[in-house]
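Residue-level listing of the chains:
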Amino acid sequence: MADFKENGRGIAAMLLASAGFIVNDSMVKFVSTDLPLGQIIFLRGFFACLFVGAIAWMTGALERPRLLLHPAVIMRALCETFASIFYLAALAHLPIANATSILQALPLLIVAASALFLGEQVGWRRWGAVLVGFCGVLLIVRPGFSGFSVWSLSALVGVVFMSGRDLVTRHIPLEVNSFGAALMSVLVMTCLVGPGMAFFETWHMPDVQQFSLLVAAAAFLLVGFVFIIIAVRTGDMVVVAPFRYSIVIWAMIIGLVVWNDVPDWQTLTGSGILIATGVYAFLRERAVAARAAAQKH
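No experiment lies behind these values; they were computed from the predicted model shown.

Draft legend 1. Geometry of the state of the cysteines. Applying the stated criterion across every chain yields a total of zero disulfides. For cysteine 49, which is in no disulfide, the shortest distance to another cysteine sulfur is to cysteine 191 and amounts to 6.7 Å. No disulfide involves cysteine 79; its sulfur sits 18 Å from the nearest other cysteine sulfur, which is in cysteine 191. Residue class for cysteine 79 comes out buried when judged on its relative accessible area of 12%.

Here it is in structure tokens:
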């Protein structure tokens, strides 16, 4: 168990990670009004490759490059690629608070997918949390009602691919460096999405502001990756992990200040349900794991 100071540092790192991810999303959303999606992903990915590649090289992640060709690493990269396409497409058309709120369904989808595809034991309490969380998603997406947007479904599809990415990550060998796996994901995304979507889009030279924002977006994406690793390794997960939901608060603040977006009551209620059920499912999973470990001893 970590002490109070370590948990405090872990919480601070998780808050900074959430801020890094949402600032990245905000910058991508800002330039999406003028630049096509494929060009955005390609340019941001190019600079992210430089940043992540430098860290991967400094941490020794590139000393055994053949490890990065492991099928699980490649599958993770493909899931990350499709997740980015669907989620960033939705982000360009939805209020940032709505897209970010849908993203909070990820922990619940992982619980469901772990039970259905990995054979993990999931009790009725966690299944109940998944079902209640699904009701929160419906409140935000509102299928069949006024306020429904097909881009909400696009965001949800992106979250499905993210859950697949996280499940595949569990099968990556321990000897594969985390930054090496991250670099592979960024490389595959950049090389596939950019050239692939260029056939369907009209690219044009970004101006200085757009170029600067994409460079900054790549840097803040790296900030998110680095600080979330620090958060997980510093404090107790049961204390630190719930603070990942602070990203919803960041999103609402940025949406209000930058785009004057005021979340409606359905988005606020759905977000609250998703956060509450996600935290409960996580705490329940930790309790089950602790009880199983105690029985072994």
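Draft legend 2. Fine view of the nonpolar core. In this structure, Tyr87 and Leu88 are the most contacted members of the largest nonpolar core, which totals 54 residues. Among the elements that line this core, the one with the most residues is helix α5 (residues 106–117), at seven residues. Setting aside residues up to four positions removed in sequence, tyrosine 87 forms contacts with Asp25, Ala99, Thr100, Leu103, Ser154, Ala155, Gly158 and Met162. Among the nonpolar cores identified, the runner-up in size contains nine residues, and Leu67, Leu68, Val168 and Ile172 belong to it.

Draft legend 3. View of the packing of helix α4 (residues 96–103) against helix α11 (residues 246–259). For the pair α4 and α11, the least separation of the axes is 8 Å and the interaxial angle reads 165°. As the angle between them shows, α4 and α11 are arranged roughly antiparallel. Crossing handedness for the pair α4 and α11: right-handed. The segment α4 lies against α11, with Ile96, Ala97, Thr100 and Ser101 engaging Ile247, Val248, Ala251, Met252, Gly255 and Trp259. Taken together, the residues of the contact of α4 with α11 sort by class into seven nonpolar, three polar and no charged.

Draft legend 4. The pattern of salt bridges, seen in detail. Evaluation of the coordinates by the stated rule reveals four salt bridges. Between arginine 76 and glutamate 80 there is a salt bridge, with the nearest N and O atoms lying 3.8 Å from each other. Here arginine 76 pairs with glutamate 80, and both are found in helix α3 (residues 71–93), just four residues apart, close to one helical turn. Assessed through its relative accessible area of 14%, arginine 76 is described here as buried. A relative accessible area of 12% places glutamate 80 in the buried class. One network of salt bridges, in which partners are shared, links Arg76, Glu80, Arg165 and Asp166.

Draft legend 5. Focus on unusual backbone geometry. Notably, arginine 142 is not glycine yet its phi reads approximately 55°, a positive angle. Looking at the element boundaries, arginine 142 is found in the loop between α6 (124–141) and α7 (150–169). Residue classification places arginine 142 among the buried positions, given a relative accessible area of 9%.

Draft legend 6. Representation of the side chain of serine 271. Mapping serine 271 onto the fold places it in helix α12 (residues 265–296). Judged by its relative accessible area of 4%, serine 271 is buried. Among the polar contacts listed, one links the side chain of serine 271 to the backbone oxygen of threonine 267, at a separation of 2.7 Å. Excluding anything up to four places from it in sequence, serine 271 contacts Ser101, Ile140, Val248 and Met252.

Draft legend 7. Representation of the packing of aromatic side chains in the model. Enumeration according to the criterion identifies six aromatic pairs in this entry. Where phenylalanine 86 meets phenylalanine 161, the ring centres are 5.9 Å apart and the plane angle is 15°; that geometry is what we call stacked. Of the two residues, phenylalanine 86 sits in helix α3 while phenylalanine 161 sits in helix α7, which places them 75 residues apart along the sequence. Overall, the relative accessible area of 30% leaves phenylalanine 86 in the partly exposed class. Three or more aromatic residues joined by ring pairs make a cluster, and in this case those are Phe46, Phe47 and Phe211. For the cation-ring pair, lysine 29 lies above tryptophan 259, with the distance from its terminal atom to the ring centre recorded as 5.5 Å.

Draft legend 8. Layout of α6. Taking 1.5 Å as the rise per residue, α6 with 18 residues should run 26 Å; its terminal C-alpha atoms sit 25 Å apart, in good agreement. Within α6, burial applies to Arg126, Ala129, Val130, Gly133, Gly136, Val137, Ile140 and Val141. Taken end-on, α6 shows its buried residues confined to a sector of 125°, consistent with a single buried face. When the buried face of α6 is taken as reference, the exposed residues oriented beyond 90 degrees from it are Trp124 and Leu131. Close packing links the buried residues of α6 with α4, α5, α7 and α12. Arginine 142 occupies a position one or two residues after α6 and carries a positive phi of about 55°.

Draft legend 9. Main features of the environment of glycine 278. Mapped onto the elements, glycine 278 comes out in helix α12. In contact with glycine 278, other than residues within four places in its own chain, are Leu108 and Tyr245.

Procedures and definitions
Along each chain, residue indices are assigned from 1 in the same order as the chain's sequence is written. With the structure being a predicted model, the display of local features is reserved for residues of pLDDT at least 70 and the display and counting of side-chain atom pairs for 80 or more, all residues being used for whole-chain, interface and lining totals. Side-chain calculation: all heavy atoms of the structure are included, whereas hydrogens and water are not. Only a pair of cysteine sulfur atoms within 2.5 Å counts as a disulfide in this structure description. For the exposure calls, accessible area comes from a 1.4 Å probe over protein chains only, and a residue counts as buried if that area is under 20% of its type's maximum, exposed if over 50%, partly exposed in between. As used in this record, nonpolar core signifies buried Ala, Val, Leu, Ile, Met, Phe, Trp, Tyr and Cys residues forming a set joined through side-chain atoms within 4.5 Å. Each helix is a run of DSSP H or I of at least 4 residues and each strand a run of E of at least 2, with the numbering of both proceeding from the N terminus. Should any heavy atoms of two residues lie within 4.5 Å, those residues are considered in contact. Throughout, an axis means a line fitted to C-alpha atoms (over the contacting stretch in the case of helices), and angles, computed between N-to-C directions, take values from 0 to 180 degrees. Geometric relationships in this document are graded by angle, where less than 35 degrees denotes roughly parallel, more than 145 denotes roughly antiparallel, 65 to 115 denotes roughly perpendicular, and other angles denote oblique. Crossings are assigned a handedness: left-handed for a near helix turned anticlockwise from the far helix by less than a right angle, right-handed for a clockwise turn. When residues are sorted by character, Ala, Val, Leu, Ile, Met, Phe, Trp, Tyr, Cys and Pro go into the nonpolar class, Asp, Glu, Lys and Arg into the charged class, and all the rest, Gly among them, into the polar class. Any carboxyl oxygen of Asp or Glu within 4 Å of a side-chain nitrogen of Lys or Arg constitutes a salt bridge here. A 3.5 Å cut-off defines polar contacts: any pair of N or O atoms within that distance qualifies, except that in protein one atom must be a possible hydrogen donor and the other a possible acceptor, and neighbouring residues in sequence count only when both atoms are side-chain atoms. Two aromatic rings, drawn from Phe, Tyr or Trp (for Trp, its six-membered ring), form a pair once their centres lie within 6.5 Å of each other, and the interplanar angle then sorts them: stacked below 30 degrees, edge-to-face above 60, tilted otherwise. We count a charge as sitting over a ring when the NZ of a lysine or the CZ of an arginine lies within 6 Å of the ring centre and within 35 degrees of the ring normal. The length a helix should cover is 1.5 Å for every residue beyond the first. In this context, the arc is that of the directions from the helix axis out to the C-beta atoms.

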